[in-house]
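# Coordinate inspection notes
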Amino acid sequence: MGAIDIINVTKSFGDTPVLKNINLNIKDGEFLILVGPSGCGKSTLMNTVAGLEDVTSGQINIAGRDVTNLSPKNRDIAMVFQSYALYPTMDVRRNISFGLEMRKVPKKERNQTVDRIADLLQISHLLDRKPSQLSGGQRQRVAMGRALARSPKVFLLDEPLSNLDAKLRVEMRMEIKKMHKRLGTTIIYVTHDQIEAMTLADRIAVLSEGIVQQFGTPYEIYNDPANRFVADFMGSPAMNFIECDIEDGRLIVETDGQDYKFEVPDRDVLQKSGLKRVVLGLRPEMITEAKPDQKRQFTQEISMLVEETEPMGADTMVTGLWNSTEIQGRVSPEAGHAAKLNDKHTLLHVDTSKAVFFHLETGERVR
Amino acid sequence: MSHTFANGFNAGRAFIYATLVFFALLYISPLYIILTTSFKDIEEIRSGNLLALPDEPTLYAWIKAWGSACTGSDCNGLAPFFWNSIRIVIPAVLISTIIGALNGYVLAQWRFRGSDMLFGALLFGCFIPFQVILLPMSILLGKMGLANTISGLVMVHVIYGIAFTTLFFRNYYVAIPSDLTKAAKLDGAGFFSIFTNVFLPMSTPIFVVTIIWQFTQIWNDFLFGVVYSGSGTQPITVALNNLVNTSVGGKEYNVDMAAAVIAALPTLLVYVVAGKYFVKGLTAGAVKG
Ligand SMILES: Nc1ncnc2c1ncn2[C@@H]1O[C@H](COP(=O)(O)OP(=O)(O)O)[C@@H](O)[C@H]1O
Ligand SMILES: [Mg+2]
């Protein structure tokens, strides 16, 4: 049982508000990812859940119990730090068992736990080493081991993989996912890695300037962003944002010297909103090479002057101007190559079935 | 090529070494004179060459300086005062170091509102001249009934030393990431168990630095010793001064020299034994996990 309710939590350092009225209900066994730009308050939120920082106002419940005024050790929480924070003078065995030692678990039981966890994380051969004698990946495992040793109700992981190289990160990501499946413990996990967020999360909370911008499943966050900030922050390469005039519920886009009228599913919404101009949000993968045989509703063929091509392996990004704004499309490597040769005027296929709209000034969704 | 290089190298080196040896000799010559003189008898000192080695080395001066030389009206040598100094230095060093370690730990890892200001105020304590506190301190000691006692001197040295010991430990502990304390808190450790389990084991270098510093300061102290001690509680520095200034009959330079070496021996010893940690401790950066 490890549901977490964060209710109206506010945190200020002196006069500086860092968390502003945070509300999150995390279900028992859920894998919550916390994302947001650096300095937006992710670590502070983790620390308040752990009890390492007091909240200025609000309440935190764990497993239905109010823990707002409980000290960290009584919250039954384990945390993995970005810096790992291994005790430098203790060997790996004692690093893992220290929490048990402090909780007066008998030595024999402690050793059994350490052996079991070391086995699980494949660090049995490292138990007698000091942290300074370990590689980055091994330290990361020991930090995980220390968190696992106590079988807590909740795991907090603050950018646990950000100090690893790319390959190791992918490996550990899969292991963490497997571990969560097996243990079913509630996890709050901070990251700024898009892919980590999308692959691991049951739900994602997007934080900016101490405010939860959106709280939803990876699908909702990606396809139905609450505002321009979320749309921009999630997804790599980022979503295209194009200011367009609205005419009769259609969007006017000028590119390569030609005007196009884009049909969108939300035509009524646009008409009812009474707006004259709007920001169109369109992900790069919705702009692809021309597919003459795939004409459907909400698709359009346009000609674009490709100014730049950027091969990414599986796809090639093509850059052009729509309404004088730079946009990126995602085409096959062959189409990308052809675009470079073809005098740069390239036929593209635009799918507006998933287009979203934002208010010019506020960046909120037009719905 | 390598030949010419080697020649230039040697000439330069020779000059550097010659200079070094010259200054080393200059620095060590007083110690040489003190030591040789202390092993001579008084006849040889009067007649002989100051720089010569003793003709017939004798321990007479050492034995007298230790056991029977006159320091004022008593003639029991330096021995009683040596033990006075030991009885002052050991508790004063230990207490001020332990308090400094705890202070530094709190100021670096358990910040509270105003903790930086408190640290600033404590730092100010490093710059208070001895003379300024002489009078108020003696009034305080009198009121506490500690005037002219060993405990009184211990207290003065502890109070005066806390500013320095706190500074040393605070600056050492502030370089240790606060995540370590956070992790230990989550592991269920409290204020003291975090200190003893996490911080103490990594503190050897800074303990050595602090202990050497405090030991040298307190052992060599003269002013507090002369002001706050009574006739039976004087530290060795005060006794040395009295011994040199008391002349019954002619001046016995050999005894004075032996007494000076005896008074300086413990600090020398501390440097020889722990000196390499001292350098290590001063240069040690953050402990990286
Ligand atoms: N102990 C503190 N005192 C004052 N300001 C702090 C403290 N801890 C964090 N902050 C500030 O709070 C903001 C959020 O920090 P943090 O939660 O670490 O961000 P994130 O983890 O999202 O990068 C930052 O602007 C930071 O400067
Ligand atoms: Mg952070």
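What you see is a predicted model; the values in this text were computed from it and never measured. (Residues numbered from 1 in each chain as written. Chains lettered and ligands numbered in written order. Predicted model: local features only at pLDDT ≥ 70, side-chain atom pairs only at ≥ 80, totals over all residues. Heavy atoms only, no water.)

## Looking at the nonpolar core
Filter applied, for reference: What we call a nonpolar core is a set of buried Ala, Val, Leu, Ile, Met, Phe, Trp, Tyr and Cys residues that are connected through their side-chain atoms within 4.5 Å. Only protein chains enter the area calculation, which uses a 1.4 Å probe; residues under 20% of their type maximum are buried, those over 50% are exposed, and those in between are partly exposed. By the criteria applied, helices consist of DSSP H or I runs no shorter than four residues and strands consist of E runs no shorter than two, each listed in order from the N terminus. Note on contacts: a residue pair qualifies if any of its non-hydrogen atoms lie within 4.5 Å across the two residues.
One finds A:Ile6, A:Leu156, B:Tyr173 and B:Val198 to be the most contacted residues of the largest nonpolar core, which totals 100 residues. Residue contributions to this core peak at 13 residues, all from helix α7 (residues 150-173) of chain B. Ignoring sequence-local partners within four residues, the contact set of A:Leu156 consists of A:Met46, A:Val49, A:Ala50, A:Ile77, A:Ala78, A:Met79, A:Val80 and A:Ile188. Counting 43 residues, the second-largest nonpolar core is a separate cluster that includes A:Tyr84, A:Ile96, A:Val114 and A:Ile187.

## Some thoughts on the state of the cysteines
Cysteine pairs can be covalently joined through their sulfur atoms, and such a bond is termed a disulfide. Residues and elements named next belong to chain B. Our working definition: Disulfide assignment relies on a single distance test, namely cysteine sulfur atoms paired within 2.5 Å.
Summed over all chains, the structure comprises one disulfide over all chains. Each sulfur in the disulfide pair Cys 70 and Cys 75 lies 1.7 Å from the other. When the S-S torsion is 100°, as for the bridge of Cys 70 with Cys 75, the disulfide is right-handed.

## Remarks on the confidence of the model for chain B
All names here are of chain B. Quick reminder of the rule: Each residue gets a pLDDT score, which is the predictor's confidence in that residue and runs from 0 to 100.
Model confidence for chain B is summarised by a mean pLDDT of 89, while 93% of its residues fall at 70 or above. Contacts of residues 285-289 to residues separated by more than four positions or lying in other chains number nine contacts, the stretch itself having pLDDT below 50. Across the whole predicted complex the pTM is 0.85, and at the interface the ipTM reaches 0.86.

## Some words on the domain arrangement of chain A
Residues and elements named next belong to chain A. The criterion, for reference: Domains are outlined according to an automatic or database domain assignment. Buried area adds together the accessible area that both of two parts lose upon being put together, with accessible area traced by a 1.4 Å probe.
For chain A, the domain assignment lists domain 1 (4-233) and domain 2 (240-358). Of note, the centres of domain 1 and domain 2, computed from C-alpha atoms alone, are 40 Å apart. At the interface, eight residues of domain 1 touch seven residues of domain 2. The contact between domain 1 and domain 2 buries some 740 Å² in all, and 55% of this surface belongs to carbon and sulfur atoms. On the domain 1 side of the contact with domain 2, Tyr 222, Arg 228 and Ala 231 bury the most area, a combined 64% of that side's loss.

## Considerations on the site of ligand 1
Residue and element names in this part refer to chain A. To keep it simple, the criterion reads: When at least one non-hydrogen atom of a residue lies within 4 Å of a molecule or strand, that residue is treated as near it. As used in this structure description, the phrase polar contact means that two N or O atoms lie within 3.5 Å; if the pair is within protein, one of them must be able to donate a hydrogen and the other to accept it, and residues adjacent in sequence are counted only when both atoms belong to side chains. Accessibility throughout is a Shrake-Rupley quantity obtained with a 1.4 Å probe, and a residue counts as covered only by protein chains that appear here. Each residue is assigned to one of three groups, with Ala, Val, Leu, Ile, Met, Phe, Trp, Tyr, Cys and Pro labelled nonpolar, Asp, Glu, Lys and Arg labelled charged, and all others, Gly among them, labelled polar.
Around ligand 1, the neighbouring residues are Phe 13, Val 18, Ser 38, Gly 39, Cys 40, Gly 41, Lys 42, Ser 43 and Thr 44. Between ligand 1 and Thr 44 there is a distance of 2.5 Å, counted from an oxygen atom to a side-chain nitrogen or oxygen. Considered on its own, ligand 1 offers 560 Å² of accessible surface; in the complex 55% of this is hidden by protein. Residue composition of the shell around ligand 1, by class: three nonpolar, five polar and one charged.

## Here we look at the interface of chain B and chain A
Inclusion rule: In the sections that follow, a salt bridge refers to a side-chain nitrogen of Lys or Arg positioned within 4 Å of a carboxyl oxygen of Asp or Glu.
Across the contact, 18 residues belong to chain B and 26 residues belong to chain A. Interface of chain B and chain A: buried area, both sides summed, is about 1900 Å²; carbon and sulfur atoms make up 64% of it. Applying the counting criterion to the chain B and chain A interface returns one salt bridge. A salt bridge links B:Asp187 to A:Arg150; the shortest N-O distance between them is 3.6 Å. Going through the elements one at a time, α8 (178-186) and α9 (191-199) of chain B are the ones with two or more residues in the side of chain B that touches chain A. With seven residues, α8(B) is the single largest residue contributor to the side of chain B that touches chain A. Among the residues forming the side of chain B that touches chain A, the class breakdown is nine nonpolar, four polar and five charged.

## Focus: the sheet that holds strand β14 (residues 277-282) of chain A
Residues and elements named next belong to chain A. Definition in use: Whether two strands pair depends on DSSP finding at least two bridges between them. Each axis is a line fitted through C-alpha atoms, taken for helices only over the stretch in contact, and angles between the N-to-C directions span 0 to 180 degrees.
Taken in spatial order, the five strands line up as β13-β12-β11-β14-β21 in an open sheet, and their pairing is antiparallel. Lying at the two open borders of the sheet, with one neighbouring strand each, are β13 (258-262) and β21 (356-358). On average, each strand axis in the sheet is tilted by 40° relative to the strand beside it, whichever way the strands run. Bridge count between β14 and β21: three bridges; the pairing is antiparallel. Pairing of Leu 280 across the sheet is with Phe 357, part of β21.

## Overview of α8(B)
With seven of nine residues buried, α8(B) lies mostly within the body of the structure. For α8(B), the full list of buried residues reads B:Asp179, B:Leu180, B:Thr181, B:Lys182, B:Ala183, B:Ala184 and B:Leu186. Each element contacted by the buried residues of α8(B) is listed here: α1 (42-50), β6 (77-80), α2 (92-102) and α4 (136-149) of chain A together with α4 (79-109) and α9 of chain B. The positive-phi residue at the C-terminal boundary of α8(B) is B:Gly188, with phi of around 95°.

## Quick notes on the pairing of strand β19 (residues 325-331) of chain A
All names here are of chain A. In this structure, strand β18 (residues 316-322) lies alongside β19, joined through seven bridges in antiparallel fashion. Residue pairing in the sheet places Met 317 in a bridge with Arg 330 of β19. The turn linking β18 back onto β19 is made up of two residues, and Asn 323 within it adopts a positive phi angle of 45°.

## Some details on the environment of A:Ser124
Residues and elements named next belong to chain A. With respect to the element layout, Ser 124 can be found in the loop between α3 (107-121) and α4. Along the backbone, Ser 124 and Ile 211 are 87 residues apart, and their C-alpha atoms lie at a distance of 43 Å. The contacts of Ser 124, once residues within four sequence positions are left out, are Ala 118 and Asp 119.

## Details of the packing of aromatic side chains
Residue and element names in this part refer to chain B. Our working rule: Two rings belonging to Phe, Tyr or Trp (six-membered ring only in the last case) form a pair when the distance between their centres is within 6.5 Å. Interplanar angles under 30 degrees mark stacking, angles over 60 mark edge-to-face geometry, and anything in between is tilted. Lysine NZ or arginine CZ positioned within 6 Å of the ring centre and within 35 degrees of the ring normal marks a charge as sitting over the ring.
This structure, assessed with the given rule, holds 29 aromatic pairs over all chains. Measuring from ring centre to ring centre gives 4.4 Å for Phe 130 and Phe 224, while their planes differ by 0°; the resulting arrangement is stacked. Note that Phe 130 is positioned in helix α6 (residues 130-143) and Phe 224 in helix α11 (residues 223-228), a separation of 94 residues in sequence. Residue class for Phe 224 comes out buried when judged on its relative accessible area of 1%. For the pair Tyr 160 and Phe 224, a centre-to-centre distance of 5.5 Å together with 70° between the ring planes defines the contact as edge-to-face. Taken together, the residues Tyr 160 in helix α7 and Phe 224 in helix α11 connect sequence positions 64 residues apart. With respect to burial, Tyr 160 and Phe 224 carry one shared label: buried. An aromatic cluster of at least three residues, connected via ring pairs, comprises Tyr 105, Trp 110, Phe 169, Tyr 172, Tyr 173, Phe 191, Phe 192, Phe 195, Phe 199 and Phe 207. Seen from the ring of Phe 119, Arg 170 lies directly overhead, with NZ or CZ sitting 4.2 Å from the centre.

## Quick word on the environment of B:Ile128
All names here are of chain B. Position of Ile 128 among the secondary structure elements: in the loop between α5 (115-124) and α6. A relative accessible area of 30% means that Ile 128 is categorised as partly exposed. Separated by 32 residues in the primary sequence, Ile 128 and Tyr 160 have C-alpha atoms spaced 9.0 Å apart. Not counting the four nearest positions on each side in its chain, Ile 128 is found in contact with Ile 133 and Tyr 160.

## Re the domain arrangement of chain B
All names here are of chain B. When the domains of chain B are assigned, the result is domain 1 (2-58) and domain 2 (79-286). Here domain 1 and domain 2 have C-alpha centroids that lie 35 Å from each other. Residue-level contacts link eight residues of domain 1 with seven residues of domain 2. For the pair domain 1 and domain 2, the summed buried surface comes to about 630 Å²; carbon and sulfur atoms form 79% of the total. Three residues stand out in domain 1 for area buried against domain 2, namely Ile 34, Ser 38 and Ile 42, and they jointly supply 56% of the buried area on that side. Inspection of the domain 1/domain 2 interface yields zero salt bridges. Our count for the domain 1 to domain 2 interface comes out at one residue pair in polar contact (both at pLDDT 80 or more). Looking at the side of domain 1 that touches domain 2, the elements that each hand over two or more residues are α1 (2-38) and α2 (42-47). Ranked by residues supplied to the side of domain 1 that touches domain 2, first place goes to α1 with four residues. The class makeup of the residues in the side of domain 1 that touches domain 2 is four nonpolar, two polar and two charged.

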